[in-house]
Amino acid sequence: MRATFTSLKRLLLASIAFLLGAAGLTYVIDPLQLFRPSRSAFYSDDTRVQNAGLIRSQSFDTAFMGTSLAIHFRQSDIDRALGVRSLKLAMTGSNSRQQAFVLEQAIARGARRVIWEMDDFIFVDAADIEADPYLSVDLYRRTPKGIASYLFSAAMAKESLFALLRSVPPLQVPLTRAAPYLPVKFALADVDDIYALPRDVDVAREYNASKTLASFAYITAPSRSRFLGEGYGYQAMVRNFEQDAVSLIARYPDVTFDIYFPPYSILQFVAMRDASPGTLKIVSDLTAVIAERLTQRPNVRLHDFRAIKVVTQDLNNYGDVIHHSPVVDGMVLKWLASGEYRVDPKAPLTSLDELKAQVEVYRVPGLP
């Protein structure tokens, strides 16, 4: 009996020592750079986690936010086009609550300008940020709970061990080269590469009219068209816009917000027109509210790129009905820099009316 008790005691002590050792390793290596910046850091495409460390470790004056429509931009391109020092915080599939929370953390760390790619669908109802299962507010706030979840995470211990091995000179080069192919998240050597497309991406193969039209046919098929309006409700979306966007902007009058409606292909709106007209009305009514409200804020510059026909009606610019190519990324930055498509506060609905007129008469290639 005594031998059994002694064995259990040793097992317990060994387990505690192992946990403390793993936590100590994570603290020293700090793969997320939550405690200190690192010159030899590696980065992850898991942006909801990675952003917590980027906000703490990077030097920036501008925060760049959005969804998958903004995820492929490179910070170096943003900096060069707009003359800023940016931090890309875009998160695929993110909602307005998550975006507002992360932006507020960035503003608290020094961002004085926000560039915000704003989709209508970010304003669908979502979980309260304090209960969001996909974004740890405690990690961002560095509460005891957040720090503990970081230090005692088995996944982070694995990342820390790999980073330690990668720092050993004979292993440094081969492990760095192999990192993208290994089961580790922190594999990117350059912060500029987070979720960016490879520089040698075959644009014509990834973005072309055939893929765009195939996507249109897919989402408008009778069996799937109901998803076009899934989660859309006008009153709830206006409420979320006021709570997440307008309130944030009002709390920081000394921060300049450049907000833009991204250049979807026109097929996004035509799909709604043909397969879900109620959704198109919600989107139109909501964006009218957004345009009228935001153009009245002195610290907001609203840009609308949705009615630029030479881009939005050239289906070779898209990989589906909404996601545009890196060539259009460059155009977006140029338009933001020039202010060419800035919405006039005296006529906030002009570009929306132009888009509605285009959608009404547009005919899909290959269809009568």
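These notes cover the structure that comes with them. Given the structure is predicted, the values throughout are model-derived calculations rather than measurements. (Residues numbered from 1 in each chain as written. Predicted model: local features only at pLDDT ≥ 70, side-chain atom pairs only at ≥ 80, totals over all residues. Heavy atoms only, no water.)

Let's talk about helix α12 (residues 266-275)
Counted only if it meets this: For every residue, the accessible area obtained with a 1.4 Å probe (protein chains only) is divided by the maximum for its type, and the residue is called buried under 20%, exposed over 50%, and partly exposed between those limits. Only DSSP runs of H or I covering at least 4 residues are called helices, and only runs of E covering at least 2 are called strands; the numbering of each starts at the N terminus. By definition in these notes, contact holds between two residues if any of their heavy atoms fall within 4.5 Å.
Counted residue by residue, α12 has seven buried out of ten residues, so it is predominantly covered. Inspection of α12 places Ile266, Leu267, Gln268, Phe269, Val270, Ala271 and Met272 among the buried residues, and these make up the whole buried set. Packing partners of the buried residues in α12 comprise α10 (209-220), α13 (277-294), α14 (309-312) and α16 (350-361).

Notes on the environment of tyrosine 341
Tracing the sequence through the fold places tyrosine 341 in the loop between α15 (326-338) and α16. Sequence spacing of tyrosine 341 and histidine 303 is 38 residues, and the spatial spacing of their C-alpha atoms is 5.5 Å. If sequence neighbours within four positions are ignored, tyrosine 341 has contacts with Leu302, His303, Asp304, Phe305, Ile308 and Trp335.

Comments concerning unusual backbone geometry
Positive phi values are uncommon outside glycine, yet aspartate 30 reaches one of about 50°. Summarising the element assignment, aspartate 30 is placed in the loop between α1 (2-29) and α2 (47-57). On the basis of relative accessible area, aspartate 30 is assigned to the buried category, the value being 2%. Although it is not a glycine, glutamine 33 sits at a positive phi angle of roughly 55°. By secondary structure assignment, the location of glutamine 33 is in the loop between α1 and α2.

Considerations on the pairing of strand β5 (residues 300-304)
We apply this condition: Two strands form a pair only when DSSP identifies at least two bridges running between them.
Taken across its five residues, β5 has four buried, putting it largely inside the fold. Of the pairings in the sheet, the one linking strand β4 (residues 256-261) to β5 comprises five bridges and is parallel in character. Looking across to β5, one finds that tyrosine 260 is bridged to histidine 303.

Some remarks on the packing of α13 against α16
Applicable threshold: Every angle, taken between N-to-C directions, lies between 0 and 180 degrees, and every axis is a line fitted to C-alpha atoms, over only the stretch in contact when it is a helix. Note on terminology: angles under 35 degrees are roughly parallel, angles over 145 are roughly antiparallel, angles of 65 to 115 are roughly perpendicular, and the others are oblique. Less than a right angle of anticlockwise turn of the near helix away from the far helix marks a crossing as left-handed, whereas a clockwise turn marks it as right-handed. Each residue receives one of three labels: charged for Asp, Glu, Lys and Arg, nonpolar for Ala, Val, Leu, Ile, Met, Phe, Trp, Tyr, Cys and Pro, and polar for the others, Gly being one of them.
Contact geometry of α13 with α16 gives a least axis separation of 11 Å together with a crossing angle of 165°. Comparing the axis directions of α13 and α16 gives the class roughly antiparallel. Crossing handedness for the pair α13 and α16: right-handed. On the side of α13, the interface is formed by Leu280, Ser284, Thr287 and Ala288, while α16 contributes Leu352, Lys356 and Val359. Its residues assigned to classes, the contact of α13 with α16 shows four nonpolar, two polar and one charged.

Thoughts on the environment of proline 222
One can find proline 222 in the loop between α10 and α11 (234-251). By relative accessible area, which is 77% here, proline 222 ends up exposed.

Observations regarding the pairing of strand β1 (residues 62-65)
Going by this rule: Here, the term right-handed applies to a crossover whose path from the first strand over the helix to the second runs clockwise when the strands point away from the viewer.
Of the two faces of β1, the one holding Thr62 and Phe64 and the one holding Ala63 and Met65 are both buried throughout. Where β1 meets strand β2 (residues 86-88), three bridges bridge the pair, whose relative direction is parallel. Across the sheet, the residue bridging to threonine 62 is serine 86, located in β2. Once you follow β1 into helix α3 (residues 75-82) and on to β2, the crossover reads as right-handed. Taken together, the four bridges between β1 and strand β3 (residues 113-117) define a ladder with parallel strand orientation. Directly across from methionine 65, in β3, lies its bridge partner tryptophan 116.

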